[in-house]
Amino acid sequence: TLRRTPLFERHAALGARLVPFAGWEMPVQYAGIGEEHRAVRTRAGVFDVSHMGQLRLVGEGAHGYLQARLSNDLDRVEAGQAQYTLLTNEDGGIVDDLIAYRRGEDDYLLVVNASNVAEDHAALPETEDVSDRWALLAVQGPEALALLGIEVEPFTFREDADVLGVRCLVAGTGYTGERGCEVGCAPEDAGRLWDAVLGRGVTPCGLGARDTLRLEVCYPLHGNDISPERTPIEAGLGWACALEKDFTGVDVLRRQKEEGPGQKLVAFVMEDPGIPRAGMQIQEGGEVTSGTQSPLLGKGIGLGYVDVAHAAAETPITIDLRGRPRRARIVPKPFYKREER
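So, how was this worked out
Residues numbered from 1 in each chain as written. Predicted model: local features only at pLDDT ≥ 70, side-chain atom pairs only at ≥ 80, totals over all residues. Heavy atoms only, no water. Pairing = 2+ DSSP bridges. Helix = DSSP H or I, 4+ residues; strand = E, 2+ residues; numbered from the N terminus. 1 Å grid on protein atoms, 1.4 Å probe; cavity = no way out; pocket = protein on both sides within 12 Å on 5 of 7 lines; lining within 4 Å. Points joined across faces, edges and corners; volume = space filled by probe spheres on them. Nonpolar A, V, L, I, M, F, W, Y, C, P; charged D, E, K, R; others polar. Phe/Tyr/Trp six-rings, centres within 6.5 Å; stacked < 30°, edge-to-face > 60°. Buried < 20%, exposed > 50% of the residue type's maximum accessible area, 1.4 Å probe, protein only. Lys NZ or Arg CZ within 6 Å of the ring centre and 35° of its normal. Axes fitted to C-alpha atoms, helices over the stretch in contact; angles between N-to-C directions. Contact = heavy atoms within 4.5 Å. Polar contact = N/O pair within 3.5 Å; in protein donor to acceptor, adjacent residues only side chain to side chain. Salt bridge = Lys/Arg side-chain N within 4 Å of Asp/Glu carboxyl O.

S.K.: Is there a simple way to think about the sheet that holds strand β4 (residues 53-58) in this case?
M.R.: Strand pairs in the sheet, formed through backbone hydrogen bonds, run parallel or antiparallel to each other. Read across the open sheet, the five strands follow the order β5-β6-β7-β4-β8; overall the sheet is antiparallel. Strand pairing shows two members of the sheet lacking a second neighbour, β5 (81-88) and β8 (128-129), which therefore form its edges. One ladder, built from five bridges, connects strand β6 (residues 94-104) with strand β7 (residues 107-112); its direction is antiparallel. Paired with isoleucine 99 across the two strands is valine 111, which belongs to β7.

S.K.: Can you walk me through empty space enclosed by the protein in this structure?
M.R.: One way to see where empty space is left: roll a probe the size of a water molecule over the atoms. Considering all chains together, one arrives at three cavities of 30 Å³ or more under this definition. One number sums up the size of the largest cavity: a volume of about 100 Å³. Taken together, Gln54, Tyr101, Leu109, Val111, Trp134, Leu136, Leu169, Ala171, Glu182 and Gly184 make up the full set of residues lining the largest cavity. Those elements that place two or more of their residues in the lining of the largest cavity are β7, β11 (166-171) and β12 (180-185). For the lining of the largest cavity, a count of residues per class yields seven nonpolar, two polar and one charged. Empty space within the second largest cavity amounts to approximately 40 Å³. As for the second largest cavity, its lining consists of Met26, Pro27, Phe47, Asp48, Val49, Cys205, Gly206, Leu207 and Arg210. Elements supplying a minimum of two residues to the lining of the second largest cavity: β2 (24-29), β3 (45-48) and α7 (207-216). The residue inventory of the lining of the second largest cavity, partitioned by class, reads six nonpolar, one polar and two charged.

S.K.: Sorry, what's going on with the packing of aromatic side chains here?
M.R.: When we look at a pair of aromatic rings, we describe it by the centre distance and by the angle of the planes. Tallied over the full model, the rule gives three aromatic pairs. Measuring from ring centre to ring centre gives 5.5 Å for tyrosine 84 and tryptophan 239, while their planes differ by 25°; the resulting arrangement is stacked. Here the residue tyrosine 84 occupies a position in strand β5, and tryptophan 239 occupies one in the loop between α8 (232-235) and α9 (250-259), the gap between them amounting to 155 residues. On the basis of relative accessible area, tyrosine 84 is assigned to the buried category, the value being 16%. Given a relative accessible area of 59%, tryptophan 239 falls into the exposed group. Relative to phenylalanine 157, the ring of tyrosine 101 has its centre 5.4 Å away and its plane inclined at 85°; by these criteria the two rings are edge-to-face. Of the two residues, tyrosine 101 is situated in strand β6 and phenylalanine 157 in strand β10 (residues 157-163); the sequence distance between them amounts to 56 residues. As far as burial versus exposure is concerned, tyrosine 101 and phenylalanine 157 are alike and both buried. Across the ring face of tyrosine 336, the terminal group of arginine 41 is positioned such that the distance to the ring centre comes to 3.9 Å.

S.K.: Before we go on, may I ask you to explain the pairing of strand β18 (residues 324-331) in this structure?
M.R.: Each regular strand carries side chains that alternate between the two faces of the sheet. Of the strand pairs in this sheet, strand β14 (residues 263-270) and β18 are connected by four bridges, and their pairing is antiparallel. Its bridge partner being in β18, valine 269 is matched across the sheet by arginine 329. With six bridges joining them, strand β17 (residues 316-321) and β18 adopt antiparallel strand pairing. Residue pairing across strands places leucine 321 opposite arginine 324, the latter belonging to β18. If you look at the hairpin formed by β17 and β18, you'll find two residues sitting between the two strands, and arginine 322 has a positive phi there, around 55°.

S.K.: Would you take a moment to explain the sheet that holds β18 for this structure?
M.R.: One open sheet accounts for five strands, arranged β15-β16-β14-β18-β17; its pairing is antiparallel. Whereas interior strands pair on both sides, the edge strands pair on one side only; in this sheet they are β15 (286-293) and β17. On average, each strand axis in the sheet is inclined to that of its neighbour by 40°, with strand direction left out of account. Strands β15 and β16 (300-307) of the sheet are contacted by α7, whose axis makes an angle of about 120° with β15.

S.K.: Could you clarify how one ought to interpret the side chain of asparagine 116 in this entry?
M.R.: Tracing the chain through its elements places asparagine 116 in the loop between β7 and α4 (117-123). Judged by its relative accessible area of 7%, asparagine 116 falls in the buried class. Within the structure, the side chain of asparagine 116 is placed 3.1 Å from the side chain of histidine 222, a separation counted as a polar contact. What asparagine 116 contacts, discounting residues up to four positions off in sequence, is Val95, Asp96 and His222.

S.K.: Mind showing me how you'd approach the pattern of salt bridges here?
M.R.: Oppositely charged side chains are able to pair whenever their charged atoms sit close together. This structure, assessed with the given rule, holds 22 salt bridges. Close ionic contact of aspartate 160 with arginine 167 constitutes a salt bridge, the shortest N to O distance being 2.5 Å. Note on accessibility: aspartate 160 and arginine 167 belong to one class, exposed. In this structure, the salt-bridge partner of aspartate 272 is arginine 327, at a minimum N-O distance of 2.8 Å. You can see aspartate 272 sitting in the loop between β14 and β15 and its partner arginine 327 sitting in strand β18, a full 55 residues away along the chain. For aspartate 272, a relative accessible area of 17% corresponds to the buried category. Taken together, the shared-partner salt bridges in this structure form one network comprising Arg41, Glu178 and Glu216.

Structural measurements only, silent on function.
Structure, rendered in structure tokens:
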């Protein structure tokens, strides 16, 4: 049985196309992926991300417990700040990527991927699964903060904020490459907050636009671009690993950084017509992990793992598009960079 967020009835009323995703029935699009994508790049869009999981850890020793298990250095984070980090296994593989919100000296809220809540909780058994206590909206785009009438710096957050008359946690985080925020509230307040956000002229957006937006800025998707079988060094996420401290799998990662990985996650753009998709083979050795038609570039783009011998920018590669070889070219990440305004 698919789960539904507190906003399901509103999605249905708006005519959203609803699809299964990570055990949830979620909107993949409303007016259309391209239109929603452009709304976020030029003005503002809102996503229902209430399917994301939340784990809480509070009490003496909470900081040390997470510091010994998450890849990034939580000593760099003060109360009111957030940090992108990884949960790794003994082989250095990525169990999940998540954001840690430091609420106090020994008080953390972890926002994790919807499909990994059980795995993350099992790996961090001292945490409490509080996912049912939260609804979460992501309001993204160059005008997002102004339309909501709030200010929040990237990777900071504040609690007990008033957002359009609703008590919320407001965080300067997101998954689109644009400025904006993620707004958490009680599930019973989610409908009122959603209605108020749409009342400001913000465009409702689905998972389809979320995927094209994140791919243009080369944000990895767990289960596609990163997984327990892939390490942060292979995935280009070594910057999120404080290898000078001890955490699960760190010895493997230290060794791999020193020796160099056999494959790397690269970005590529299609030279021939065609849209790359996850699972397609790269003939020079490797596999596509994410692919789409970029609304910004008007051509196929993707991420994939290739042997290091073929990982340099401008290297030509060949994608097997369902039995048809198509030329592509490796390019620097990301495909899109936000203009400062």
